[in-house]
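Each chain, letter by letter, is given below.
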Amino acid sequence: MGYLEGFGVTFRKWGEGVTTRQYLGGRGGSSDQKAPKPERLHGRHVLNRYEDGMEKCIGCELCAGVCPARCIYVRGADNPPDEPRSPGERYGYVYEINYLRCIHCDLCVEACPTEAITETKLFEFSFTNRADAIYTKDELLVGDDGKPQQLPWEDWRSGEDEHTSAWMRATAPAGKAAYEGVVGWSGELGYGVRAPELGQTAPPDEADRESGAHDDHDDHGGHH
Amino acid sequence: MTATDNPQTTTGVPFTLNGKAVEARKDELLIDAADRHGVHIPRFCYHPRMNPVGMCRMCLVDVDMGRGPGLQPACMMPVTPDIKVDTESEATKSAQDGVLEFLLINHPLDCPVCDKGGECPLQDNTLSFGPGESRFVEEKRHYEKPIPISPLVDLDRERCILCDRCTRFAKEVAGDPLIHFIGRGAQTQVNTFPDHPFSSYFSGNTVQICPVGALLAQPYRFKARPWDLETVESTSAVDTTGARVLVQSSRNQLTRILGLDSDAVNWGWLSDKDRFAYQVTESENRVTEPMLRRGGDDLTPSRWSDATKTAARALRGDPARVAVLGGARLNIEGQYAWAKLMKGVIGTDHVDCQLSDGLPAPMALGLPRATINQVCAPGGVVVLLGPDPKEELPTLYLRLRHAIVEDGVSLIELTPRPTSLSDLAAARLHCVPGTVGQVAAALAPGVSNESADAQPADQMTAARALLDGSRPVTVVLGRANLAESARYTADAVGALQRLVPGVTFLPALRRGNVLGGLEMGLTAGFLPGGVRRAGANFPAWPFVPDFDGKDADGIMRAAANGEIDTIVLLGADPMEDYPDAALAKAALERVSTLIAVDAFVTSSAAEADVILPAALFGESDGSFLNLEGRLSPMLAKVTPPGQAKADWMVAVELATALGIDLGFVTLAELRAELSSMATTFASVDWNRLASADDGPVLPLKRQWVLEFGDAATPPAPSSYGLRLVVDHKLWDQGTMAQESPSLAGLAPPALLHLNPADVEALGLSEGTPAIIDRDGATLEAPWVADPSVVPRTARMAIRLPGFDVRSLLTVGRSVTNILIRAAGGTH
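Below or above, wherever it landed, is the structure these notes cover. Each chain has its residues counted from 1, following the order in which its sequence is written. Lettering for chains starts from A, numbering for ligands starts from 1, and both go in the order in which the items are written. Residues qualify for local features only when their pLDDT is at least 70, as the model is predicted, and side-chain atom pairs are given and counted only at 80 or more; totals for whole chains, interfaces and linings, by contrast, use all residues. By convention in this description, side-chain values take in all heavy atoms of the structure and omit both hydrogens and water.

Residues and elements named next belong to chain B. Axis lines are fitted to C-alpha atoms, over the contacting stretch for helices. Their N-to-C directions set the angle, which ranges from 0 to 180 degrees. What counts as a helix is a DSSP run of H or I of at least four residues, what counts as a strand is a run of E of at least two, and both are numbered from the N terminus. Relative to each other, helix α18 (residues 552-560) and helix α20 (residues 581-590) sit at 55°, their axes nearing to 7 Å. In terms of orientation, α18 and α20 fall into the oblique class. Helix-helix and strand crossings are classified by hand; for α18 and α20 the assignment is left-handed. Mapping the contact onto sequence places Met556, Arg557, Ala559 and Ala560 in α18 and Leu583, Ala584, Ala586, Ala587 and Arg590 in α20. By residue class, the composition of the contact of α18 with α20 is seven nonpolar, no polar and two charged. Oblique is the label for any angle not under 35 degrees, not over 145, and not in the 65 to 115 range, which are roughly parallel, roughly antiparallel and roughly perpendicular in turn. Take the far helix as your reference; a near helix turned counterclockwise from it by less than a right angle gives a left-handed crossing, and one turned clockwise gives a right-handed crossing. The contact criterion used throughout is that any non-hydrogen atoms of two residues lie within 4.5 Å. The residue classification treats Ala, Val, Leu, Ile, Met, Phe, Trp, Tyr, Cys and Pro as nonpolar and Asp, Glu, Lys and Arg as charged. All others, Gly included, are polar.

What follows is about empty space enclosed by the protein. Residue and element names in this part refer to chain B. A cavity here means a set of points on a 1 Å grid, drawn over the protein atoms and nothing else, where a 1.4 Å probe fits but cannot get out; a pocket is an open set with protein on both sides within 12 Å along at least five of seven lines, and a residue lines either one if it has an atom within 4 Å of a point. Grid points are joined across faces, edges and corners, and a volume is the space filled by probe spheres set on the points. Inspection of the entire model under this criterion finds 11 cavities of 30 Å³ or more. As a volume, the largest cavity reaches approximately 940 Å³. In terms of lining, the largest cavity is formed by 48 residues, of which the most central are Ala237, Val238, Arg329, Gly571 and Met736. Counting residues per element, the ones that place at least two in the lining of the largest cavity are α6 (272-276), α11 (389-392) and α24 (735-738).

Moving on to the interface of chain B and chain A. Listed per partner, the contact involves 17 residues of chain B and 13 residues of chain A. When two components associate, each loses some accessible surface as probed by a 1.4 Å sphere; the sum of these losses over both components is called the buried area. Across the chain B to chain A interface the summed buried area is about 1300 Å²; carbon plus sulfur atoms make up 51%. On the chain B side of the interface with chain A, the three residues burying the most area are B:Pro112, B:Phe222 and B:Trp227, jointly 43% of the side's total. A carboxyl oxygen of Asp or Glu within 4 Å of a side-chain nitrogen of Lys or Arg is what we treat as a salt bridge. Counting every contact that joins chain B to chain A gives five salt bridges. Where A:Arg75 meets B:Asp228, a salt bridge forms, and the shortest distance between an N and an O atom there is 3.2 Å. The definition of a polar contact used here is a pair of N or O atoms within 3.5 Å, where within protein one atom must be able to donate a hydrogen and the other to accept one, and adjacent residues in sequence count solely through side-chain atom pairs. Inspection of the region where chain B meets chain A yields eight residue pairs in polar contact (both at pLDDT 80 or more).

Attention now moves to the pairing of strand β1 (residues 13-17) of chain B. Residue and element names in this part refer to chain B. Residue exposure (1.4 Å probe, protein chains only): buried if accessible area is under 20% of the type maximum, exposed if over 50%, otherwise partly exposed. Burial of β1 is one-sided: the residues Val13, Phe15 and Leu17 facing one way are buried, the residues Pro14 and Thr16 facing the other way are not. Looking at chain direction, β1 and strand β2 (residues 20-24) are connected through five bridges and run antiparallel. Along β2, the bridge assignment pairs proline 14 with glutamate 23. Strands pair, by our definition, only if DSSP identifies at least two bridges between them. Where β1 folds back onto β2 in an antiparallel hairpin, the turn is made up of two residues, including asparagine 18, whose phi is positive at roughly 50°.

What follows is the structure in structure tokens.
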């Protein structure tokens, strides 16, 4: 009579109520605020532009080369001499990221020699077909105001498009604490040169929030 | 000298390398000796195939010759006994640091946009041996960003580290000293001479050996990054040299060809045609699906089954009324499959893979072969009885040039014109068309004749002395003049064989895998393995043809007379490529069914009733037989476009449509049958072919004997003035070059070359075109006075833009005499 025991589980759970809640993404009024996002959340990418509107991407394919999920496809081409897209000889002619594959590891951001690709905190997007999942260069490139472009299937709240390169700015060039507070990146369209953010030498209360901060010893190095 | 020059030297030179006792070869450079013992000394300027110069100082190492350690450039120093070398000392490290810091002072940080980035010796050495930080904060030196120094090569002078590799290559290896250092001190730059582009046939090699991104290939510019590329080792099918190459692709597109350093063949060098003709595969004009002419209409796309059914219907008729032209584009496997289909299944012997521009098949197959290394062996004598190798077999030209310049090889020219090697030749015998056989006969002691007497006495004496039997003799044999019957060349071959017993030959034919085609029986009278048709036993074939077929000339004449119903074109384009344009047109228009197996709608394929789309270089697996008889792999790197198929599969499809099982459906089955049928291939280990270093040289021994008669008397001079010499230029209007965007514009305009003395005698005046008259057929042509033209001859190249010299040629003529006069009015 084993199957009756099985039904027993079903009936017992019947009355316990539902624990799954619909994700309202902030639409549920004051009781359903979006949780504050961590400083270094990895959302979807943007391709940045310089203050003068030139694209930062030079089509070097380092991001594609380093990508562990092989989700980036880049092809470079000669800049048109009369209407250059980026400074120098080469620009990103094709730039595609397949978000069905992307694991948001940000190695592309680290590899980029021109700060062209950074990750926003936008993570709420779902598509109904594969073509939408492949973001093309037109979709990744920031608009003329320097803000990411909102695509129809992306769920945004106001202000969420401000944080397009926070992670980048929190990290000093070469990762050295001595660069704390030094601006080591170029200006961006719509923002200019952004102020440096707190980095490795942040005040203790900030650092407390980081889980590994207290056991940062050599003998525990393997856990990082 | 390279390590390979004296591989057998056993008398070692003992020395100490990083504390270990090792031995160097005699005269070996320290850098090579260290390489062989697994110690890599960083270098920029040193290249094992060129003379060392010690320009870059990157290879400085600590050497103690008994008076204490001191820094010495390892690339300039032959190992002497008992020296102590330390490549890891403090002094060495600090020298490497210093050299790299200095090199990087002016080197721009272009790495992310530089095509060399990722495979750059400067990047690699900086990472492995560099200081890591630069102390240089000043402005770097600036030049205009890449300037085109030729249609194929861009130069970015900012990136140049002045290693002298490209300039040395141009001067020493290619013999085209068109790029050079100019300026002094910090302003030194590499550049071309004003108004003289780097228009060398070998310019792409400088891109490959450049240790930085200063020289860049225009066709590869920004196409891919090194980490995108997938690579296979293959063989170039551009000419019969069969240069070994690396074929690289990215995203199923061929992106680059690099030279593979093969000791036996091309030493890593390639001609620009080898290097850049891969673009043909990407052409928009490719035929990607079968085409069929329904009724009298235009060619329309069709299905394979319909196309093969139509083709099969035409092939079912009387085998004596079916002919095949071409096949030099195919790989060995494709050639075997087609030979079996046409000869063993359909039963015709009217097959020719040459288009009347090569050598008679018995001669190309039956002469004892030399290898390139035998021809270029130090101390030998080479007879050039063929075309200008620089124009037709450019990679072979580089080997020959090196042998003459560096290894004491003596060259005797028996050519109708001075060639690119004339300045280096020990004896120059430039024979008026029709006389080469007589001149060769007179090289024997005590023989004299009128033609030989016309040659300069000192050159004849020099040539006779070189052929006195004291030095090994090899012959580079080809078709030097399309306006002259090949029988005179045959006469010369006979004379040389009688004069020098044991002389060996390198058949310097031009078309891709044509020697493979001959070996596979794609020629009248022969079956695979160089076996004569008559009396041959081929058990795996349904039967063998019961008649001896015609060669290309015979097929054309028969077709024009209505004796041939069906012609199959295996990548051949006789309308543009057969020396007698009028005959080709008449023949192709007369046949009732024309079947083209091609990748393009060429002028001939446009006349076809059926076009079957074929895979090209890099799109199908197979092998290549080069002029030495060396079998090397030709591998697929990308898939054929659309419905195009490998040539052997097309043969199988056609056989199926004919209702016959060709006996193989896989490449392995085909190869197994090939090895069992063609005795010359019996020893081939197909599985190891791709991993073999240079590929095996097949034993091309024949069961039949080739015999030559006495030299024919040259045709008497006619009332017509000059004898025509027609040959090829490397860049012409061939399909391969025309469909490769960066090669299409390189063909020079057609020009009639005349000796200045003849120009004066003919009364031509500058600016007025000449009228060429051959038996009443006239052609107006621009001309140029060229002292290198032999007096009483006129020279033109075939397939160049401007005028079509083929209108002056008629097959079957022993020589072509022309009359030239000045055009009447103004141009």
